[in-house]
Amino acid sequence: MSLVLRASIQDEIARARGITDRLMAQVLPEALYDRSIPERHRLVFYLGHLDAFDWNIVGRGVLGLGPLSEELDSLFAFGIDPPQGELPKDKASDWPNPFVIRRYVTQVRNNLDRLMRQIPETPLRMILEHRLMHAETLIYLIHNLPYSRRLTRMRGIESDGSSPPEQFLRRQSLIVCDRFWKCRKCLHRVLANWRIGLFYDRDPPQSMNPGAAKES
Ligand SMILES: [Fe+2]
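What you see as residue numbers is a count from 1 along each chain, following the sequence as written. Reporting of local features is limited, given that this is a predicted model, to residues whose pLDDT is at least 70; pairs of side-chain atoms are given and counted only at 80 or more, and all residues count toward the totals for whole chains, interfaces and linings.

Here the focus is the overall build of the protein. Helix and strand definitions here come from DSSP, where helices need a minimum of 4 consecutive H or I residues and strands a minimum of 2 consecutive E residues; each element is numbered from the N-terminal end. On a plain count of helices and strands, the protein comes out with six helices and two strands. Traced from its N-terminal end to its C-terminal end, the protein shows the element sequence α-α-α-α-α-β-β-α. Residues with at least 20 other C-beta atoms within 10 Å of their own are called buried, those with 12 or fewer are called exposed, and the rest are partly exposed. The C-beta atoms themselves are positioned from the backbone. Residues classed as buried in the protein amount to 25% of the 216 residues present. Whether two residues are in contact is decided by their C-beta atoms, placed from the backbone, lying within 7 Å. Excluding contacts between residues fewer than 6 apart, the proportion of contacts in the protein whose partners are at least 24 apart in sequence is 71%.

And the structure:
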């Protein structure tokens, strides 16, 4: 792999880490253990999963290194499986605290960054794609958190906490459809324009903002 290509993939990985870090930074610390969609993991799983995947695939699999933490490599590989045919039943107390997880994430990144030159192109692309795929997961999981559980300018707005009522999201020039995580065009627009706190808020309900022009 040429040095230019390697540098560009490394840049993309750094950028993707920035995207997922900023997404997680929108979740209040006390909401990290929330499960905003009953069928999915608690948010805290994704805090460790992205880097555990990188370490398991590249550090252990490709480079043949040992575990960074047997417990965390394994816990964050797949999470805690629910009983067959049932929704997840794990408790918040089943998960490590965020300081432990963040320390693990830092260890993974430091180790991989140090060894980046030894990693072939395909696994690099694999971990990049996996992270971007989960950026999408995080967007819709956080989208389903009540405003009161996020760092957002909308924290004072009442909502039922499950699915906010407005049909469209709008922030500055960024307009996306309500199911943007299934729409590649919107998703790319979101990722390309991502800046913390600048787009993820919904417009206030009409009752609180009667003069607002309706998007169509
Ligand atoms: Fe994954």
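Per-residue confidence for the protein averages 79 on the pLDDT scale, and 70% of its residues sit at or above 70. Scored below 50 in pLDDT, residues 163-174 shows 24 contacts in the model against residues more than four places distant or in partner chains. Confidence of the predictor in every single residue is expressed as pLDDT, which spans 0 to 100. Here residues 195-216 is a poorly scored stretch, pLDDT under 50, and it has 34 contacts once near neighbours within four places are set aside; other chains count.

Before going further, it helps to examine the nonpolar core. A set of buried residues drawn from Ala, Val, Leu, Ile, Met, Phe, Trp, Tyr and Cys, joined through C-beta atoms within 7 Å, is what defines a nonpolar core. Counting residues in each nonpolar core, the largest one holds 33 residues, and the members touching the most others are Leu43, Val44, Tyr46, Leu138 and Ile142. Only helix 1 (3-25), helix 2 (43-62), helix 3 (70-78), helix 4 (98-114) and helix 5 (121-143) provide two or more residues apiece to this core. It is helix 2 that provides the largest number of residues to this core, a total of ten residues. Those residues in contact with Ile142 that lie beyond four places of it in its chain are Leu23, Gln26, Val27 and Arg150.

Let us look at helix 2. For an α-helix, the turn length of 3.6 residues means that residues three or four places apart are oriented alike. With 20 residues, helix 2 ought to run about 28 Å at 1.5 Å a step, and its terminal C-alpha atoms sit 28 Å apart, in line with that. Note on bend: the value at a residue is the angle between axes fitted to the seven residues ending there and to the seven starting there. Of all the bends in helix 2, the greatest, near 35°, is centred on His49. For helix 2, the buried fraction is high: 15 of the 20 residues fall into the buried class. Just beyond helix 2, the residue with positive phi is Gly64, at close to 70°. Helices are assigned an expected span. That span is 1.5 Å times one less than the residue count.

A rise of 1.5 Å per residue sets the reference length of helix 5, with its 23 residues, at 33 Å; its end C-alpha atoms lie 33 Å apart and thus fit the reference within 8%. Taken residue by residue, helix 5 has Leu124, Ile127, Arg131, Ala135, Leu138, Ile139, Leu141 and Ile142 as its buried positions.

Turning next to the packing of helix 2 against helix 5. It is at 11 Å that the axes of helix 2 and helix 5 come closest, and there the two elements cross at 170°. Between helix 2 and helix 5, the crossing angle belongs to the class labelled roughly antiparallel. Across the interface between the two elements, Leu43, Tyr46, Leu50, Phe53, Asp54, Ile57, Val58 and Val62 of helix 2 pack against Pro123, Met126, Ile127, His130, Arg131, His134, Thr137, Leu138 and Leu141 of helix 5. Every axis corresponds to a line fitted to the C-alpha atoms, with the helix fit spanning only the stretch in contact, and the corresponding angles, defined between N-to-C directions, vary from 0 to 180 degrees. For this classification, under 35 degrees means roughly parallel, over 145 means roughly antiparallel, 65 to 115 means roughly perpendicular, and everything else is oblique.

By secondary structure assignment, the location of Val44 is in helix 2. Separated by twelve residues in the primary sequence, Val44 and Leu32 have C-alpha atoms spaced 5.1 Å apart.

Contact geometry for helix 2 and helix 3: axes closest at 8 Å, N-to-C directions at 110°. Put simply, helix 2 runs roughly perpendicular to helix 3. Where helix 2 abuts helix 3, its residues Phe45, Gly48, His49, Ala52, Trp55 and Asn56 lie against Leu72, Asp73, Phe76 and Ala77. Three classes are used: nonpolar for Ala, Val, Leu, Ile, Met, Phe, Trp, Tyr, Cys and Pro, charged for Asp, Glu, Lys and Arg, and polar for all others, with Gly counted as polar. Class assignment for the residues of the contact of helix 2 with helix 3 results in six nonpolar, three polar and one charged.

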